[in-house]
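Descriptive structure summary
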Amino acid sequence: MGGQACVFYGAAQFSKDVDFLLLASEQNFSRLLAALSELKATRIAVPRFDPALLARGHAVHFRCHEGAAAGLRVDIMTQLRDLPGFEELWEKRTTINDENGETFDLMAIEHLVQAKKTQRDKDWPMIDALVEGHYHVFAEAPTPERTIFWLNESRTPERLISLCTRFPQQAIAQLAKRPLLALAQSGESDQLREALDIEMRAEQAKDRAYWAPLKVQLQAFRHDERRGADQDRA
Amino acid sequence: MTFEEMPDEWKEWLDLTPIERFRESEKLLAQYVALGGSLDPDPDPTSPFYDPETSSKGVAYGRPGLRILRRGAV
């Protein structure tokens, strides 16, 4: 998931870290900690590694210090806002093999797009690029699922207007879910742009509300760790 | 931005296979690191993980050895 997945899907050119979504199980946590130990990874921010905190939606951040991975940051999560549980995410994943048979399991693009609907400004252009890249690849092979994905997730007024022209019945069927499609149907690009902006700000507000209690916890964890460090120095 | 409006560089990037993009990305990251690029996250006050006390202000052009000596008026 994250930036590396965006590279595979064509929406980014490189990422400075690796984000993993993990199935929360004791066996997986043991394997994760063994791998992190092999990479001499150290935690670089709050919170501490704790499955209970991961289950609440926190991310744990590490930096590797071994070999080719030295300096690389690794972020671990087990829960993402408004996304289904790990089993469904895994079931719908995209799997890519390279010429040596190495396998890369990526979050499905529809889930990655949802995961990118954050309060961070930098994530929104990534959504545009993910959806537009997907449309470029599959425009000549539309399926009901792909069409619904494009209609619900495209963030480019010109693309939305062309999609509503190309798939008028499917656009009508998605109106209840995404009312701004009515503006795309009537070709009102300026109003559509404003509606897309309002849609983005509403989603950012949802993300801020989701993170508000977690940020309070993060602040408390930072305070505790700094106080602990001060006591150690004293 | 629609695909048709994208710069040629991005169109070429999207026309690569996912594995080709991954390999090229590995090379780009290696070059970035070799040039002194930082692997720290860019300071982002809109991120829930942003900590103003520990987040750096970011180094000039991502290189720890570079400092901005003068800027234009804007």
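A quick note: this is a predicted structure, and the numbers were derived from the prediction, not measured.

**Some details on the packing of aromatic side chains**
- Tallying each qualifying case throughout the model produces 10 aromatic pairs over all chains.
- With 6.3 Å between their ring centres and 40 degrees between their planes, Trp150(A) and Phe167(A) make a pair best called tilted. Pair noted here: Trp150(A) is in helix H7 (residues 144-153) and Phe167(A) is in the loop between helix H8 (157-166) and helix H9 (168-174), with a separation of 17 residues, a long-range link.
- Exposure remark for Trp150(A): the relative accessible area of 0% places this residue in the buried category.
- Ring centres of Trp211(A) and Phe49(B) lie 5.2 Å apart, and the angle between their planes is 85 degrees; this geometry places the pair in the edge-to-face category. With Trp211(A) in helix H11 (residues 189-233) and Phe49(B) in the segment after helix H2 (18-34), the pair connects residues from two separate chains.
- Judged by relative accessible area, Trp211(A) falls into the buried class, the value being 5%.
- Taking relative accessible area as the criterion, Phe49(B) reaches 28% and is therefore assigned partly exposed.
- Ring-pair connections join several aromatic residues into one group, and the members of that group are Phe8(A), Phe104(A) and Phe22(B).
- If you follow Arg93(A) out to its NZ or CZ, it ends over the ring of Trp90(A), 3.8 Å from the centre.
- Of note, Arg146(A) hangs over the ring of Phe138(A), and the distance from its end group to the ring centre comes to 3.9 Å.

**Re the interface of chain A and chain B**
- Counting residues at the interface gives 38 residues for chain A and 34 residues for chain B.
- Across the chain A/chain B interface, buried area totals approximately 3,200 Å², and carbon plus sulfur atoms make up 57% of it.
- Interface area lost by chain A to chain B is led by Gln13(A), Phe14(A) and Lys16(A), which between them contribute 21%.
- Across the salt bridge formed by Asp51(B) and Arg226(A), the nearest N and O atoms sit 2.6 Å from each other.
- Taken together, the connections running from chain A to chain B amount to 17 residue pairs in polar contact (both at pLDDT 80 or more).

Rules behind the numbers
Residues numbered from 1 in each chain as written. Chains lettered and ligands numbered in written order. Predicted model: local features only at pLDDT ≥ 70, side-chain atom pairs only at ≥ 80, totals over all residues. Heavy atoms only, no water. Phe/Tyr/Trp six-rings, centres within 6.5 Å; stacked < 30°, edge-to-face > 60°. Helix = DSSP H or I, 4+ residues; strand = E, 2+ residues; numbered from the N terminus. Buried < 20%, exposed > 50% of the residue type's maximum accessible area, 1.4 Å probe, protein only. Lys NZ or Arg CZ within 6 Å of the ring centre and 35° of its normal. Contact = heavy atoms within 4.5 Å. Buried area = accessible area lost by both parts, 1.4 Å probe. Salt bridge = Lys/Arg side-chain N within 4 Å of Asp/Glu carboxyl O. Polar contact = N/O pair within 3.5 Å; in protein donor to acceptor, adjacent residues only side chain to side chain.

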